[in-house]
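Coordinates in review
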Amino acid sequence: MAFNDAMAGLKQMSQATAHRRQGNRTALAILVIAGLVMVSAVAFLFSITTGASNASVIDVITGMLSGSAESTLSIRDRIVIFDIRLPRAVLGFLIGGGLAVSGAVMQGLFRNPLADPGLIGVSAGSSLGAVAMIVLGGGVLAPLAHLFGIFSLPIAAFIGGLATTILLYKVATQYGQTSIATMLLAGIALGSLALAATGILIYMADDRQLRDLTFWSMGSLAGSTWSKVAGAGPIIVLSLLPLPFMARGLNALTLGEATAFHMGISVQRLKNIAVVSVAAAVGASVAVSGGIGFVGIVVPHILRMVIGPDHRFLLPASALLGGSLLVIADVVARILVSPAELPIGILTAGVGGPFFLWMLLRQRSRLSL
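Residues numbered from 1 in each chain as written. Predicted model: local features only at pLDDT ≥ 70, side-chain atom pairs only at ≥ 80, totals over all residues. Heavy atoms only, no water.

1. A word on the overall build of the protein
Using the following cut-off: For helices the rule is a DSSP run of H or I covering at least 4 residues; for strands it is a run of E covering at least 2, with both sets numbered from the N terminus onward. Between buried and exposed lies partly exposed: a residue is buried under 20% and exposed over 50% of the maximum accessible area for its type, with that area taken using a 1.4 Å probe on protein chains only. The contact criterion used throughout is that any non-hydrogen atoms of two residues lie within 4.5 Å. Using the Shrake-Rupley algorithm and a 1.4 Å probe, accessible areas are obtained, with residue cover drawn only from the displayed protein chains.
The number of helices and strands found in the protein is 15 helices and two strands. Residues classed as buried in the protein amount to 46% of the 369 residues present. Summarising the internal contacts of the protein: among those between residues at least 6 apart in sequence, 76% fall at separations of at least 24. Accessible surface, the protein as shown: approximately 18300 Å² in total, 70% of it carbon and sulfur.

What follows is the structure in structure tokens.
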């Protein structure tokens with residue numbers, strides 16, 4: 001009897017300790033998110049005030065708040081800041097946040113910290129659509145190019161990503177149930193097929209198209225305009241809106257699909273919403289920026305080490321940190337080889353590649369690699 005009482009007391013103490021730890025981690029997560037809001041604001045101001053323009057931070061803030069910067073900024077500065085840098089910063093933040101949140105969702109869905117938004121072949125499919133428009137826009141796809149005008153490239157990339165996702169579901173779904181393992185393998189296979197088709201199109205391209213394809217594939221925010229923000233921004237935002245409501249389901253899924261089902265989670269619906277949302281966010285991002293890698297795998301992993309795996313906090317924190325990092329990386333890419341500009345995809349790959357190798361080494365024993 002005394003032994004049972006002692007064990008019950010130890011159990012209560014462990015539960016209380018776990019509760020305190022969770023409370024501390026929750027407080028830390030809230031603090032980190034608040035800090036990331038400030039970091040995002042600083043990164044945004046850093047982006048729109050860095051460059052050849054002589055406008056100060058105070059002048060820019062005054063102009064943005066007043067809606068008219070004629071008294072503090074010259075005409076040249078207004079054009080540079082509000083027509084070039086501002087849409088670039090907005091688009092960079094949206095793309096970075098979309099890729100990071102997509103990575104966090106995919107890692108939760110696959111229950112694997114090494115998962116990436118490109119895992120299911122969406123990025124490869126989007127790239128195929130964009131390359132097809134660049135190479136065939138003057139021939140077979142000329143009617144679509146004339147119909148959509150400057151939006152033809154983003155739309156083609158989005159259609160490619162969406163088609164890949166639909167085909168993926170046709171392969172991975174049987175009797176109304178989607179197998180994560182089958183989806184993973186099918187995504188790798190479809191991604192390889194998309195890359196093969198992309199290679200054929202590149203082989204058919206002329207010298208001018210090859211140059212465009214080379215710079216587009218490296219990833220860049222150069223040429224960002226309010227038209228691109230209006231085209232890709234709503235898609236990214238709308239695709240990410242349902243994800244915070246999936247936090248409870250993603251948390252339950254870490255215990256396994258069977259456990260999540262018994263906890264009242266509609267696992268199949270969770271998979272459907274997650275994959276379609278990721279496909280839309282990644283497809284729209286790739287359409288306007290090209291290939292920007294490692295944001296979706298690095299950002300969630302860093303935050304998971306700091307604030308834990310709770311998706312209630314991980315998803316918004318990933319959006320803030322991903323957006324901030326991509327905006328800062330874009331500024332670094334602009335000034336690193338000034339007056340030229342380094343493609344941002346090269347910078348993210350150069351930093352993300354070593355980080356990914358470090359993650360593999362940390363996970364090697366657990367994953368039996």
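After presenting the structure, the write-up continues.
2. Some remarks on the nonpolar core
Here is the rule we go by: In this text, buried Ala, Val, Leu, Ile, Met, Phe, Trp, Tyr and Cys residues form a nonpolar core when linked through side-chain atoms within 4.5 Å.
Of all hydrophobic cores here, the largest spans 75 residues; its most connected members are Ile95, Val105, Ile120 and Met183. Tallying contributions element by element places helix H12 (residues 267-289) first for this core, with 12 residues.

3. Remarks on helix H7 (residues 180-204)
Stated formally: Multiplying one less than the number of residues by 1.5 Å gives the expected span of a helix.
For H7, spanning 25 residues, the distance from its first C-alpha to its last is 36 Å, which sits close to the expected 36 Å at 1.5 Å a residue. Along H7, the residues that are buried comprise Ile180, Met183, Ala186, Gly187, Leu190, Gly191, Ala194, Thr198 and Leu201.

4. Section: the layout of surface pockets
Operational definition: Put simply, the grid is 1 Å and covers the protein atoms alone, a cavity is a trapped set of points that fit a 1.4 Å probe, a pocket is an open set with protein on both sides within 12 Å along at least five of seven lines, and lining residues have an atom within 4 Å of a point. Grid points are joined across faces, edges and corners, and a volume is the space filled by probe spheres set on the points. The classification used treats Ala, Val, Leu, Ile, Met, Phe, Trp, Tyr, Cys and Pro as nonpolar, Asp, Glu, Lys and Arg as charged, and all other residues, Gly among them, as polar.
As a volume, the largest pocket reaches approximately 800 Å³. Every residue lining the largest pocket is counted, 41 residues in all, and those nearest its centre are Ser123, Ala124, Ser127, Gly291 and Gly293. Listing elements by their share of the lining of the largest pocket, those giving two or more residues are helix H3 (75-110), helix H4 (122-136), H7, helix H8 (207-218), H12, helix H13 (295-307) and helix H15 (344-367). A total of seven residues in the lining of the largest pocket trace back to one element, the largest contributor, which is H7. The computed volume of the second largest pocket comes to approximately 380 Å³. Counting residues per element, the ones that place at least two in the lining of the second largest pocket are helix H6 (152-172), H8 and H12. It is H8 that provides the largest number of residues to the lining of the second largest pocket, a total of four residues. Residues of the lining of the second largest pocket, tallied by class, amount to 11 nonpolar, two polar and four charged.

5. With respect to H12
Counted at 1.5 Å a residue, the expected span for H12 with its 23 residues is 33 Å, and the 33 Å between its end C-alpha atoms agrees. Among the 23 residues of H12, 19 are classified as buried, and the element is accordingly described as predominantly covered. Once H12 ends, the next one or two residues include glycine 290, with phi positive near 80°.

6. As for the packing of H3 against helix H14 (residues 311-336)
Quick note on the threshold: To define axes, lines are fitted to C-alpha atoms, for helices over the stretch in contact only, and angles between the resulting N-to-C directions are given on a 0 to 180 degree scale. Working rule for angles: under 35 degrees goes down as roughly parallel, over 145 as roughly antiparallel, 65 to 115 as roughly perpendicular, anything else as oblique. Handedness of a crossing is defined here by the sense of rotation of the near helix relative to the far one, left-handed for an anticlockwise turn of less than a right angle and right-handed for a clockwise turn.
The interhelical angle for the contact between H3 and H14, taken along N-to-C directions, is 140°, at an axis separation of 7 Å. If you check the angle between H3 and H14, you find them oblique. For the pair H3 and H14, the sense of crossing is right-handed. Counted by class, the contact of H3 with H14 contains 13 nonpolar, nine polar and four charged residues.

7. Things to note about a nonpolar patch on the surface
Stated formally: To count toward a patch, a residue needs a relative accessible area over 30% and no salt bridge; like charges are then connected within 9 Å, while nonpolar side chains (Val, Leu, Ile, Met, Phe, Trp, Tyr) are connected within 5 Å. Each salt bridge in this description consists of a side-chain nitrogen of Lys or Arg and a carboxyl oxygen of Asp or Glu lying within 4 Å of one another.
A cluster of nonpolar residues, Leu28, Leu31, Met305, Val306 and Trp358, forms a patch on the protein surface that exposes about 450 Å² of accessible area. Breaking the nonpolar patch down by element, the ones donating at least two residues are helix H1 (2-49) and H13. Mapped onto the elements, leucine 28 comes out in helix H1.

8. Considering the environment of leucine 190
Tracing the backbone through its elements, the reader meets leucine 190 in helix H7. For the pair leucine 190 and threonine 164, spaced 26 residues apart in sequence, the C-alpha separation works out to 7.2 Å. Beyond its immediate sequence surroundings of up to four residues, leucine 190 is in contact with Thr164, Leu167 and Leu168.

9. Side note on the pattern of salt bridges
Counting across every chain of the model gives five salt bridges. Residue arginine 88 pairs with glutamate 341 through a salt bridge whose shortest N-O separation is 2.4 Å. In this pair, arginine 88 sits in helix H3 while glutamate 341 sits in the loop between H14 and H15, placing the two residues 253 residues apart along the sequence. Classification of arginine 88 by relative accessible area gives buried; the value is 9%.

10. Side note on the confidence of the model for the protein
Going by this rule: A residue's pLDDT is the confidence the predictor assigns to it, expressed on a 0 to 100 scale.
Summary statistics for the protein give a mean pLDDT of 80 and a share of 84% for residues scoring 70 or more. Segment residues 5-23 is flagged for pLDDT under 50; beyond a separation of four residues in sequence, or across chains, it makes two contacts in the model.

11. Overview of the packing of H4 against H7
Across the interface, H4 lies against H7 with an axial gap of 9 Å and an inter-helix angle of 15°. Classified by the angle between their axes, H4 and H7 sit roughly parallel to one another. Between H4 and H7 lies a crossing of left-handed hand. Side by side, H4 and H7 meet where Ala124, Gly125, Ser127, Leu128, Val131, Ala132, Val135 and Leu136 of the first sit next to Gly191, Ala194, Leu195, Ala197, Thr198, Leu201, Ile202 and Met204 of the second. Counted by class, the contact of H4 with H7 contains 12 nonpolar, four polar and no charged residues.

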